[in-house]
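A look at the structure
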Amino acid sequence: PPPITVLNEDQANRGYRMLRFFASKRDTDLYEKLDLEGKTEFLINFWQERDPTPETPENEVMILFNERFSFADYQLGGAESDRGRVFMKYGEPEEIERHDSGNNMKGFQIWYYTEGVQGDGARADGGGRQFFVFGDRRGVGKFELLHSSARGEISNPEWRELLLLRRDITNP
């Protein structure tokens, strides 16, 4: 095998941010205590243990996770944002319905997972489509998760109320 290059501080921080989506608290606590050489070794072992095809040079899970992480970081307001977290956890939605801010409502998006979450139809309520509603409540382009049909996620059937533009009658 080729010699291992020790991570620099920025790479180690990115590794930590990625681990928080995938690793146990015990693993992330351990990672935080390691020096750069230890963090490098930890990440190599972590991803090797999750490689579905260890006989090949590629680690498909690590590649997919890195691609999702980069996309979420650069296109969705950060991997730790609501849209980034949903993307990291559930994958790419089959459909995105976009609604720009209008006269009486702030902008929002609805992400649909037709085959259930992560392609697992059993995780869809009643076998139907799962959805996630993200709204730009502050009007600054930061979309927050307001409502979802996925089990374990926020449920707020009155989510539209959070996006209504209020007009001040005394100061039009």
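Criteria and thresholds
- Residues numbered from 1 in each chain as written.
- Predicted model: local features only at pLDDT ≥ 70, side-chain atom pairs only at ≥ 80, totals over all residues.
- Heavy atoms only, no water.
- Axes fitted to C-alpha atoms, helices over the stretch in contact; angles between N-to-C directions.
- Helix = DSSP H or I, 4+ residues; strand = E, 2+ residues; numbered from the N terminus.
- Parallel < 35°, antiparallel > 145°, perpendicular 65-115°, else oblique.
- Left-handed = near helix turned anticlockwise from the far one by under 90°.
- Contact = heavy atoms within 4.5 Å.
- Core = buried A, V, L, I, M, F, W, Y, C linked by side-chain atoms within 4.5 Å.
- Buried < 20%, exposed > 50% of the residue type's maximum accessible area, 1.4 Å probe, protein only.

**Focus on the packing of helix H1 (residues 9-22) against helix H3 (residues 36-49)**
Helix-helix packing is described using two parameters, namely the angle between the two axes and the distance between the axes. Look at H1 against H3: their axes get within 10 Å of each other, and the N-to-C directions meet at 40 degrees. Taken together, H1 and H3 sit at an angle that is classed as oblique. Relative to H3, the crossing made by H1 is left-handed. Across from Glu9, Ala12, Gly15, Met18, Leu19 and Phe22 in H1, the residues of H3 making contact are Leu36, Lys39, Phe42, Leu43, Phe46 and Trp47.

**Focus: the environment of Leu162**
Topologically, Leu162 is positioned in the segment after strand E4 (144-148). When the C-alpha atoms of Leu162 and Asp136 are compared, they prove to be 9.4 Å apart, with 26 residues separating the residues in sequence. Excluding its chain neighbours within four sequence positions, the residues that come into contact with Leu162 are Arg137, Leu146 and Asn156.

**Some remarks on the packing of H1 against helix H4 (residues 60-75)**
Where H1 meets H4, the closest approach of the two axes is 11 Å, and the angle between their N-to-C directions is 105 degrees. By the angle class used here, H1 and H4 are roughly perpendicular. Contacts from Arg14, Arg17, Met18, Phe21 and Phe22 of H1 reach H4 at Val61, Phe65, Asn66, Phe69, Ser70 and Asp73.

**Considering the nonpolar core**
Judged by nonpolar contacts, the single largest core of 26 residues is most densely connected at Leu19, Tyr31, Leu43, Val86, Trp111, Phe132 and Phe134. For this core, the elements supplying multiple residues, two or more each, are H1, H3, H4, helix H5 (82-90), strand E2 (108-113) and strand E3 (130-135). With residues near it in sequence (within four places) discarded, Tyr31 still touches Leu7, Ala12, Gly15, Tyr16, Leu19, Lys39, Phe42 and Leu43. Of all hydrophobic cores here, the second largest spans eight residues; its members include Phe108, Ile110, Tyr112 and Leu146.

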